Amino acid sequence: MHIRFTKMQGAGNDFVVLDETQGLLGLSAAQYRFLADRHFGVGADQILSVRASPGPGLDFEYLIHNADGGQVEQCGNGARCFVRYVHDKGLSKRNPVRVKVMNGELELRMHDDGRVTVDMGAPVFALDRVPFNAQGLKSEGMGTFERWPLALPYAGDVPVAVLSMGNPHAVLLVDDVESAPLQSWGPWIESHERFPRRVNAGFMQIVGRGEVCLRVYERGAGETLACGTGACAAVVAGIRLGLLDEKVDVHTRGGVLTIEWRDNARHDQPVFMTGPATTVFDGEIDVPDLA
């Protein structure tokens, strides 16, 4: 199969974007893995598929596949690249743009400076919706939130804040994000039995009440240069733990994301993420028949 694609990145989190507005390509999980392969394919953390509106009140639908070929619910950096793509390709002039993703809808807004703001929706704290199995565990209260002990090999119980931003996240507080044991703990947390759908593991260093440093070991992708939903989850957790104010600059290895969340008694306000979205190049590739 011969297909056209666009390579994009948001704060270093990189994507292959496919236009399926005129018809579905019908790619298999193995073909998504091929496209994401940095040696034999194009190379990307995720594959984004742009599809026509599935119903009234929506401009588009978009699907996200990780580098391992599995479909996932949400990707914040991908959402920003999505709206830049549909504007740059002339697929829509609307601003904001409303799109359907696996677990809901998003509103995306372009700014004159090229940055994009995404209404990421409200965080989810109900453990069965994350999902997280807390049976037999005792949480430790902190601020208006709690942290759960997660048993890791050779590390004992590690306290994590658990929530969903449309996809599951476990947030750890660390003194120094650069020396944090991400490469050893990340895979253990990602596939921990307490998370039946696996989880994204965020390692957050508090710099000040409006500034953090963050590294994320992403479910199905490993460490990426930035994770938009991970940044949202980390800031929301930090606010509820009493450590952060409502507007926070998140320093990732790929750049800075600005996250805003105004908490209330019900903890049900939307999270807003602002950051860059850049086209790297357009290309064409022959995708082999892979089951």
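Our structure's up above, just so we're on the same page.
Quick summary incoming for the structure in this document. This one's a predicted model, so the numbers in the text were calculated from it and none came from an experiment.

From N to C terminus, the protein chain includes 4 helices and 19 strands. The C-alpha atoms of the protein chain give a radius of gyration of 18 Å, which matches the 19 Å a tight globule of 291 residues would have. Judged by the C-alpha coordinates and their principal axes, the protein chain covers about 50 × 40 × 35 Å. Within the protein chain, the proportion of its 291 residues that are buried is 54%. With an accessible surface of roughly 12400 Å², the protein chain has 47% of that area assigned to carbon and sulfur atoms. One finds the centroid of the 28 positive side-chain charges in the protein chain at a distance of 3 Å from the centroid of its 37 negative side-chain charges.

This part covers helix α3 (residues 182-190). Among all positions of α3, only Leu182, Gly186, Ile189 and Glu190 are buried. Looking down the long axis of α3, one finds its buried residues gathered within 95 degrees of arc, a one-sided arrangement. As for α3, its buried residues are in contact with β10 (145-152), β12 (168-173), β13 (200-208), β14 (211-218) and β15 (222-224).

Here we come to the nonpolar core. The biggest cluster of nonpolar side chains holds 56 residues, and the ones touching the most others in it are Tyr62 and Ile259. Residue contributions to this core peak at 8 residues, all from helix α4 (residues 228-240). Leaving out residues up to four positions away in the same chain, Ile259 has contacts with Ala231, Cys232, Val235, Glu246, Lys247, Val248, Val250, Val271, Phe272 and Met273. Among the nonpolar cores identified, the runner-up in size contains 22 residues, and Val158, Val174, Phe195 and Val199 belong to it.

Here we come to the packing of aromatic side chains. Per the stated rule, a full pass over the model turns up 8 aromatic pairs. The interplanar angle of 80 degrees and the centroid separation of 5.9 Å between the aromatic rings of Phe5 and Phe281 together place this pair among those described as edge-to-face. In this pair, Phe5 is assigned in strand β1 (residues 2-10) and Phe281 in strand β19 (residues 278-286), connecting sequence segments 276 residues apart. For Phe5, a relative accessible area of 7% translates into the label buried.

Any two side chains of opposite charge can pair, given that their charged atoms come close. Under the counting rule described, the total for this entry stands at 20 salt bridges. In this structure, Arg209 engages Asp245 in a salt bridge whose closest nitrogen and oxygen atoms are separated by 2.8 Å. With Arg209 in the loop between β13 and β14 and Asp245 in the loop between α4 and β16 (247-252), the pair connects residues that are 36 residues apart, well separated along the chain. Between Asp268 and Arg266 there is a salt bridge, and its shortest N-O distance comes to 3.0 Å. Bridged by salt links that share partners, the residues Lys7, Asp14, Arg38 and Asp45 form one connected network.

For Thr117, the position within the fold is in strand β8 (residues 116-119). Those residues in contact with Thr117 that lie beyond four places of it in its chain are Glu107, Leu108, Arg109, His111, Phe272, Met273 and Thr274.

Moving on, we come to the pairing of strand β3 (residues 46-52). With 6 of 7 residues buried, β3 is to be regarded as a mostly interior element. Running through helix α1 (residues 29-36), the crossover from strand β2 (residues 13-19) to the neighbouring parallel element β3 is right-handed. As judged from the 7 bridges shared by β3 and strand β4 (residues 60-66), these two strands associate in the antiparallel manner. When the sheet's bridge partners are listed, Ser49 is paired in β4 with Leu63.

As a further point, take unusual backbone geometry. Across the junction of Asn95 and Pro96, the peptide omega takes the value 10 degrees, indicating a cis bond. Structurally, Pro96 is set in the loop between α2 (76-88) and β6 (97-101). In this structure, Ala11 takes a positive phi of about 55 degrees despite not being glycine. Within the element layout of this structure, Ala11 appears in the loop between β1 and β2. Taking the relative accessible area as the measure of exposure, Ala11 reaches 3% and is therefore buried. For Arg198, which is not glycine, the phi torsion reads 65 degrees and is therefore positive. Inspection of the secondary structure puts Arg198 in the loop between α3 and β13. Among the residues examined, Arg198 registers a relative accessible area of 33% and is labelled partly exposed.

About the thresholds
Residues numbered from 1 in each chain as written. Predicted model: local features only at pLDDT ≥ 70, side-chain atom pairs only at ≥ 80, totals over all residues. Heavy atoms only, no water. Helix = DSSP H or I, 4+ residues; strand = E, 2+ residues; numbered from the N terminus. Rg over C-alpha atoms; globule rule 2.2 N^0.38 Å. Buried < 20%, exposed > 50% of the residue type's maximum accessible area, 1.4 Å probe, protein only. Areas by Shrake-Rupley, 256 points an atom, 1.4 Å probe, with all protein chains shown as cover. Lys, Arg positive; Asp, Glu negative; His and termini not counted. Charge placed at Lys NZ, Arg CZ, Asp CG, Glu CD. Arc of directions from axis to C-beta. Contact = heavy atoms within 4.5 Å. Core = buried A, V, L, I, M, F, W, Y, C linked by side-chain atoms within 4.5 Å. Phe/Tyr/Trp six-rings, centres within 6.5 Å; stacked < 30°, edge-to-face > 60°. Salt bridge = Lys/Arg side-chain N within 4 Å of Asp/Glu carboxyl O. Right-handed = clockwise from strand over helix to strand, strands pointing away. Pairing = 2+ DSSP bridges.

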